[in-house]
Amino acid sequence: MSKKKGLSLEEKRSRMTEFFYEKKDFFQLKDLEKLCPKEKGITSMSVKEVVQSLVDDGIVDTDKIGTSIYFWAFPSKSSQNRKRKLDELDGKLKALAAKKEQLLVALEKAKIGKEDSDERVEVIEELNKRKAEKAALNAEIEKYKDSDPSVLEKYKQEAEQAKEAANRWTDNIFSTKSWIKNKFSFEESVLDKQFGIPADFDYVE
């Protein structure tokens, strides 16, 4: 025979709620751990977890009296909770109905002046034509972008910066060659050959 399947958390919650509604009394945790296994088949080890989940959901009430903590739940509270939930849902339903009505009114207003007509069709066609012309002009302008004075000025500045950077490196190379010649008495032609420096190496004009 297969092993009997234990109760799920929801089944335990349901049975625990029934226990409170049937007893209509106040209980400490130790009382519940003693009674619930016998009367509702809820293991004593899971009683605390089940009771706490019901407290968290507002189904079971709890309070500390002196040094003891008591738990209780009455059917009347369940009815009140259901009524309050129904009232909340009813309020939300009415609000949504009102919102829907507002949207329908706004939609009808938005349609005014947009009814299909020969004039409206002509206007839309003309608008689409102008959009196409604008796109073609933008494409044409893009072709001549490189001739834009501001673009040319930017290229000129970038070229000047590149020239200055190249000449700074030329300075560095000449200085290095001079130091090596003076320090180690190398011929300039030997240095140029050793470091791959071309004979016409000079500043950028």
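Keep in mind that what you see is a predicted model, and the values were worked out from it rather than measured.

Chemist: How should the overall build of the protein chain be read in this particular structure?
Modeler: In terms of helices and strands, the protein chain carries 7 helices and 2 strands. Reading the protein chain from its N end, one meets helices and strands in the order α-α-α-β-β-α-α-α-α. Per-residue burial for the protein chain yields a buried fraction of 17% across its 205 residues.

Chemist: Would you take a moment to explain the pattern of salt bridges for this structure?
Modeler: A side chain with one charge can pair with a side chain of the opposite charge if their charged atoms come near. Across all of its chains, the model carries 7 salt bridges by this definition. Here Lys-40 ties to Glu-22 by a salt bridge, and the two come within 3.2 Å at their closest N and O atoms. With a gap of 18 residues between them, Lys-40 in helix 2 (residues 29-40) and Glu-22 in helix 1 (residues 9-23) connect regions that are remote in the sequence. Judged by relative accessible area, which is 12%, Lys-40 ranks as buried.

Chemist: Help me understand the side chain of Gln-28, please; the structure alone is not making it clear to me.
Modeler: Position of Gln-28 relative to the elements: it lies in the loop between helix 1 and helix 2. Look at Gln-28 and you get buried, because its relative accessible area is 18%. Apart from residues no more than four positions distant in its own chain, Gln-28 is found in contact with Ser-68, Ile-69, Tyr-70 and Phe-71.

Chemist: I would appreciate a short explanation of the pairing of strand 2 (residues 68-72) in the present structure.
Modeler: For a regular strand, side-chain orientation follows a simple rule: the groups alternate between the two sheet faces. Bridging between strand 1 (residues 61-65) and strand 2 involves 5 bridges; their strand directions are antiparallel. Residue pairing in the sheet places Ile-65 in a bridge with Ser-68 of strand 2.

Chemist: When you look at the packing of aromatic side chains in this model, what are you seeing that I'm missing?
Modeler: The way to describe two aromatic rings as a pair is by their centre distance and the angle between their planes. Applying the stated criterion across every chain, the model contains 5 aromatic pairs. Considering the side-chain rings of Phe-26 and Trp-72, the 5.2 Å spacing of their centres and the 55° angle between planes classify their relative orientation as tilted. One end of the pair, Phe-26, is in the loop between helix 1 and helix 2; the other, Trp-72, is in strand 2, with 46 residues separating them in the sequence. Its relative accessible area of 18% is what places Trp-72 among the buried residues. The interplanar angle of 80° and the centroid separation of 5.9 Å between the aromatic rings of Phe-26 and Phe-74 together place this pair among those described as edge-to-face. Taken as a pair, Phe-26 in the loop between helix 1 and helix 2 and Phe-74 in the loop between strand 2 and helix 4 (75-111) lie far apart in primary sequence, 48 residues in all. Residue class for Phe-26 comes out partly exposed when judged on its relative accessible area of 42%. Following the ring pairs from residue to residue traces out a cluster consisting of Phe-19, Phe-20 and Phe-27.

Cut-offs used in this document
Residues numbered from 1 in each chain as written. Predicted model: local features only at pLDDT ≥ 70, side-chain atom pairs only at ≥ 80, totals over all residues. Heavy atoms only, no water. Helix = DSSP H or I, 4+ residues; strand = E, 2+ residues; numbered from the N terminus. Buried < 20%, exposed > 50% of the residue type's maximum accessible area, 1.4 Å probe, protein only. Salt bridge = Lys/Arg side-chain N within 4 Å of Asp/Glu carboxyl O. Contact = heavy atoms within 4.5 Å. Pairing = 2+ DSSP bridges. Phe/Tyr/Trp six-rings, centres within 6.5 Å; stacked < 30°, edge-to-face > 60°.

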